[in-house]
Amino acid sequence: MKTRPFGRTGLEISEVIFGAGFVGGIIIHADDDTRRTVIRKALDAGINWIDTAQSYGDGKSEEALGWLLNELPAADRPYVSTKFRLDAGRLDDIPGQIERALEASLTRLQADKVTLYQLHNPIGQDGFTVEHVLGRGGVCDTLERLRGQGLFDHIGFTALGDPAQCRQVIDSGRMDSAQVYYNLINPSAGFPVPAAWSTQDFQRLIDACAAKGVAVMDIRIFAAGVLTAGGEHDRIMPITPKSSYAEERARAEAVFTVLGDRYGTWAQTALRFGLANPGVSGVVIGMAEIAHLEEALAGAALGPLPAEAIEALKPVWARDFT
């Protein structure tokens, strides 16, 4: 497993990040032996980062990771990131919300601190704006104070919602990392797309992160299963506006009509696409079974998707998959 710099933090992290969320959901839904096995296989393969959130399985992901990681010697434990989501109806108490969420997450994780603590609200939706993040007494002020107490090392956010407001947060220099939506069916965080682009344009957010030394965690690399041959997770709603599972599946078919199986399975090709962007620190993968981890590891071993494949896709993106 190769590693990459995690932005300006000084950390070196594995190219593949173990996603312990609902999509795939092996940490939430599998039996204890399977969960224990998949964690140890991931660590043995060189994965050194696990990402979770308070909302994943209503805390079940954090609870499972709490006992799973505490079974390991301290020296063998990976970096851990978790996330909080603010109640948009109670934005008059941002500090209190964050403090209570962090305390609950650390309790479930059976930990004194985490490596990275992240805001998980889409910015510019439900009345939650960039002012709530950067303004006095807001998210960043609170997180910087809590970091000073030694409860986590680094601060991040999920760059969903209004891309212009997400860019403001990145440009502020107050975030160490951003989770960015970037995959074969929506490359707009890393490539220019046509003005008539039919889904959300993430306006080259990866470039904005690179300019500020902000680490990029590439999320939804499989588009919730759309970019795997089976499409197992078709019940998971797309997280981008103006899109549906059927539309995303059609885009995936267009991609693989061009690429075929020359670069591995669908999932491996999708993973390799994320790794082809040097602005990506790590690709977050979700999985439903141990075989999915093994497939992803084999894909990572093949290396980044070659330039010839990306060049072949540019005309597909330019015509918005039509």
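The rules behind each value
- Residues numbered from 1 in each chain as written.
- Predicted model: local features only at pLDDT ≥ 70, side-chain atom pairs only at ≥ 80, totals over all residues.
- Heavy atoms only, no water.
- Helix = DSSP H or I, 4+ residues; strand = E, 2+ residues; numbered from the N terminus.
- Rg over C-alpha atoms; globule rule 2.2 N^0.38 Å.
- Buried < 20%, exposed > 50% of the residue type's maximum accessible area, 1.4 Å probe, protein only.
- Phe/Tyr/Trp six-rings, centres within 6.5 Å; stacked < 30°, edge-to-face > 60°.
- Contact = heavy atoms within 4.5 Å.
- Axes fitted to C-alpha atoms, helices over the stretch in contact; angles between N-to-C directions.
- Parallel < 35°, antiparallel > 145°, perpendicular 65-115°, else oblique.
- Nonpolar A, V, L, I, M, F, W, Y, C, P; charged D, E, K, R; others polar.
- Left-handed = near helix turned anticlockwise from the far one by under 90°.
- Pairing = 2+ DSSP bridges.
- Salt bridge = Lys/Arg side-chain N within 4 Å of Asp/Glu carboxyl O.
- Polar contact = N/O pair within 3.5 Å; in protein donor to acceptor, adjacent residues only side chain to side chain.

A. Molecular detail of the overall build of the protein chain. In terms of regular secondary structure, the protein chain is built from twelve helices and ten strands. Here the protein chain has a C-alpha radius of gyration of 19 Å; the compact-globule value for 322 residues is 20 Å, and the two agree. If one aligns the C-alpha atoms of the protein chain with their principal axes, the spans along those axes are about 50 × 45 × 35 Å. Taking all 322 residues of the protein chain together, 57% fall into the buried category.

B. Region of the structure containing the packing of aromatic side chains. Summed over the entire model, instances satisfying the criterion amount to eleven aromatic pairs. Aromatic pair Phe-84 and Tyr-117: ring centres 5.0 Å apart, planes at 35 degrees, arrangement tilted. You can see Phe-84 sitting in strand S5 (residues 79–84) and its partner Tyr-117 sitting in strand S6 (residues 114–119), a full 33 residues away along the chain. One exposure class covers both Phe-84 and Tyr-117, and it is buried. An aromatic cluster of three or more residues is present, and its members are Tyr-182, Phe-191, Phe-273 and Trp-317.

C. Structural view of the environment of Phe-222. Counting through the fold element by element, Phe-222 comes out in the loop between strand S9 (215–219) and helix H9 (245–259). What makes Phe-222 buried here is its relative accessible area of 13%. With sequence-adjacent residues up to four places away left out, Phe-222 is seen in contact with Leu-227, Thr-228, Ala-267, Ala-270, Leu-271, Ile-285 and Gly-286.

D. The arrangement of the packing of helix H7 (residues 163–171) against helix H8 (residues 205–212) in detail. Look at H7 against H8: their axes get within 9 Å of each other, and the N-to-C directions meet at 10 degrees. It follows from the interaxial angle that H7 and H8 lie roughly parallel. For the pair formed by H7 and H8, the contact residues are Pro-163, Cys-166, Arg-167, Ile-170 and Asp-171 on the first element and Leu-205, Ala-208, Cys-209 and Lys-212 on the second. Residues of the contact of H7 with H8, tallied by class, amount to six nonpolar, no polar and three charged.

E. Broad picture of the packing of helix H2 (residues 32–44) against helix H3 (residues 60–70). Running from N to C, H2 and H3 point in directions that differ by 60 degrees, and their axes come no closer than 11 Å. You can see that H2 and H3 cross each other, and the crossing is right-handed. Contact residues: H2 offers Asp-32, Arg-35, Arg-36 and Ile-39, while H3 offers Ala-64, Leu-65, Trp-67, Leu-68 and Leu-69. In terms of residue class, the contact of H2 with H3 is built from six nonpolar, no polar and three charged.

F. Summary view of the pairing of strand S3 (residues 16–19). Where burial is concerned, the two faces of S3 agree: the one with Val-16 and Phe-18 and the one with Ile-17 and Gly-19 are both buried. Relative to strand S10 (residues 282–285), S3 is paired through three bridges, and the arrangement is parallel. When the bridges of S10 are listed, Ile-17 appears paired with Val-284.

G. The arrangement of the pattern of salt bridges in detail. On inspection of all chains with the given rule, the structure shows 18 salt bridges. The salt bridge involving Lys-113 is made with Asp-153; its shortest N-O contact spans 2.6 Å. Residue Lys-113 is located in the loop between helix H4 (94–109) and S6, and its partner Asp-153 is located in strand S7 (residues 152–158); the two are separated by 40 residues in the primary sequence. Take Lys-113: its relative accessible area is 39%, and that puts it in the partly exposed class. Between Arg-147 and Asp-176 there is a salt bridge, and its shortest N-O distance comes to 3.0 Å. On the criterion of sequence distance, the pair formed by Arg-147 in helix H6 (residues 139–147) and Asp-176 in the loop between H7 and strand S8 (177–181) is long-range, its members being 29 residues apart.

H. Broad picture of unusual backbone geometry. One non-glycine residue with positive phi stands out, namely Gln-110, at about 55 degrees. Tracing the backbone through its elements, the reader meets Gln-110 in the loop between H4 and S6. Within the chain, Arg-204 stands out as a residue other than glycine whose phi angle is a positive 55 degrees. Judged by its relative accessible area of 30%, Arg-204 is partly exposed.

I. Fine view of the sheet that holds S5. Here we have eight strands rolled up into a closed barrel, ordered S3-S4-S5-S6-S7-S8-S9-S10, and parallel in their pairing. Put simply, the sheet's adjacent strands are angled 30 degrees from each other on average, direction ignored. Sheet topology places S8 next to S9; five bridges connect them, and they run parallel. Paired with Tyr-181 across the bridge in S9 is Ile-219.

J. Just the side chain of Asp-176, in detail. We classify Asp-176 as buried; its relative accessible area is 9%. Separated by 3.4 Å, the side chains of Asp-176 and Arg-8 make a polar contact. Not counting residues up to four positions away in its chain, the partners in contact with Asp-176 are Arg-8, Thr-9, Arg-147, His-154, Ile-155, Gly-213, Val-214 and Ala-215.

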